[in-house]
Amino acid sequence: MRLEIKKLGRVTVVRSLESRMDAKVAVDFKMEISRIVEDDNRWIVFDVKDIVFIDSSGLGAIVSSLKMLGDEGDLVIAGAGETVLSLFKLTRMDRVFQMFPTEKEAVESLAG
Amino acid sequence: MIAGKIKLIIDSDLSHVFLVGFSVNRICLEIPLSEVEAYQVEVCVVEAVNNTIKHAYGNEKGHEVEVLIDLDTERITFQICDTGVAMKAGKKPSLEFDPDDRENFPEGGMGLFIMHEVMDEVSYSSSRGRNVLALTRHLVRNSSEG
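Draft legend 1. How the structure looks around the overall build of chain A. Within chain A one finds 4 helices and 7 strands. Along chain A, helices (α) and strands (β) appear in the sequence β-β-β-α-β-β-α-β-α-β-α when read from the amino end. Each principal axis of the C-alpha distribution contributes one length, and for chain A these read about 30 × 25 × 25 Å. By the burial criterion, 46% of the 112 residues in chain A qualify as buried. Across chain A, the fraction of contacts at a sequence separation of at least 24, relative to all contacts at a separation of at least 6, is 74%.

Set out below in structure tokens:
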């Protein structure tokens, strides 16, 4: 899965360069987040503003990534459009993830 | 109001599923359903196709997944058909979890739940080696259907 990764202080911003996050790319995403967490980066913003389609495989990969952090750290979502947001609400995952309209606001929330 | 039928056939390869998704979304937008409704219906059909590839065909390429789309003035129906392993019958799925219990957040098993939430009718049948999951969305919805 094509991702852009950058570090802003203690926060790692992961931006999807793919417009679809589905079963085909879900495993790649988990592996990439696993590498990020292994490097002791525990405050992650996942910027989904360019994602127009996500299914339960993609959502499951994001949940799995959050669980990798255990009790230390957080993974928050930035830039979810109306359609993607509707899936989070349908599955009640909007109660699990903090959702921010912009990357800037998400980074500020995790900056500490 | 548009109406008609179309059959889509893809190989049992997850990298081809997007073709079905694009088609379903475009048809839904033409009905017209709203952007969010079209997306949610697309998700349902993609979930069904994914399940077929993973469970009916065991992630093995080289098998056909058929998606029949039937649109009339009152409903749009998708039949996702395969000749693989039949799905076991089960109760209508639920997705209950404690939002404060991170360790036990669900990572999978959400596909069927989503289908039941979004579509008005979900049914499954298996006969003579052919399995069919049928998903129907009513186009004229009463207040209880949201």
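Don't stop here, the text continues.
Draft legend 2. Examining helix α3 (residues 82-90) of chain A more closely. Those residues of α3 of chain A not exposed but buried are T83, V84, L87 and F88 of chain A. Down the axis of α3 of chain A, the buried set is contained in an arc of 150°. They therefore lie on one face. Projecting away from the buried face of α3 of chain A at angles above 90 degrees are the exposed residues E82 and K89 of chain A. Buried residues along α3 of chain A sit in contact with β5 (53-54), α2 (56-68) and β7 (99-100) of chain A together with α2 (35-56) of chain B. Of the residues trailing α3 of chain A, R92 of chain A is marked for its positive phi of about 65°.

Draft legend 3. Structural view of the nonpolar core. V45, F46 and V76 of chain A together with C44, V45 and V49 of chain B are the most contacted members of the largest nonpolar core, which totals 70 residues. Here this core takes 11 residues from α2 of chain B, the largest share from any one element.

Draft legend 4. Structural context of the sheet that holds strand β1 (residues 4-11) of chain B. Residues and elements named next belong to chain B. Taken in spatial order, the 5 strands line up as β1-β2-β3-β5-β4 in an open sheet, and their pairing is antiparallel. The sheet terminates laterally at β1 and β4 (121-127), the two strands that pair on one side only. In this sheet, adjacent strand axes meet at a mean angle of 15° when their direction is disregarded. As paired elements, strand β3 (residues 75-82) and strand β5 (residues 130-138) share 8 bridges and run antiparallel to each other. Bridged to R75 within β5 is H138. Against the sheet, helix α1 (residues 17-30) contacts β1 and β2 (64-71), and its axis sits at roughly 165° relative to β1. Against the sheet, α2 touches β2, β3 and β5, its axis set at about 10° to β3.

Draft legend 5. Examining the interface of chain B and chain A more closely. Tallying the contact residues gives 26 residues for chain B and 23 residues for chain A. At the level of secondary structure, the elements contributing two or more residues to the side of chain B that touches chain A comprise α1, α2 and α3 (111-118) of chain B. The greatest single-element share of the side of chain B that touches chain A, amounting to 9 residues, is contributed by α2 of chain B. A per-class count over the side of chain B that touches chain A returns 13 nonpolar, 6 polar and 7 charged.

Procedures and definitions
- Residues numbered from 1 in each chain as written.
- Chains lettered and ligands numbered in written order.
- Predicted model: local features only at pLDDT ≥ 70, side-chain atom pairs only at ≥ 80, totals over all residues.
- Helix = DSSP H or I, 4+ residues; strand = E, 2+ residues; numbered from the N terminus.
- Buried ≥ 20, exposed ≤ 12 C-beta atoms within 10 Å, placed from the backbone.
- Contact = placed C-beta atoms within 7 Å.
- Arc of directions from axis to C-beta.
- Core = buried A, V, L, I, M, F, W, Y, C linked by C-beta atoms within 7 Å.
- Pairing = 2+ DSSP bridges.
- Axes fitted to C-alpha atoms, helices over the stretch in contact; angles between N-to-C directions.
- Nonpolar A, V, L, I, M, F, W, Y, C, P; charged D, E, K, R; others polar.

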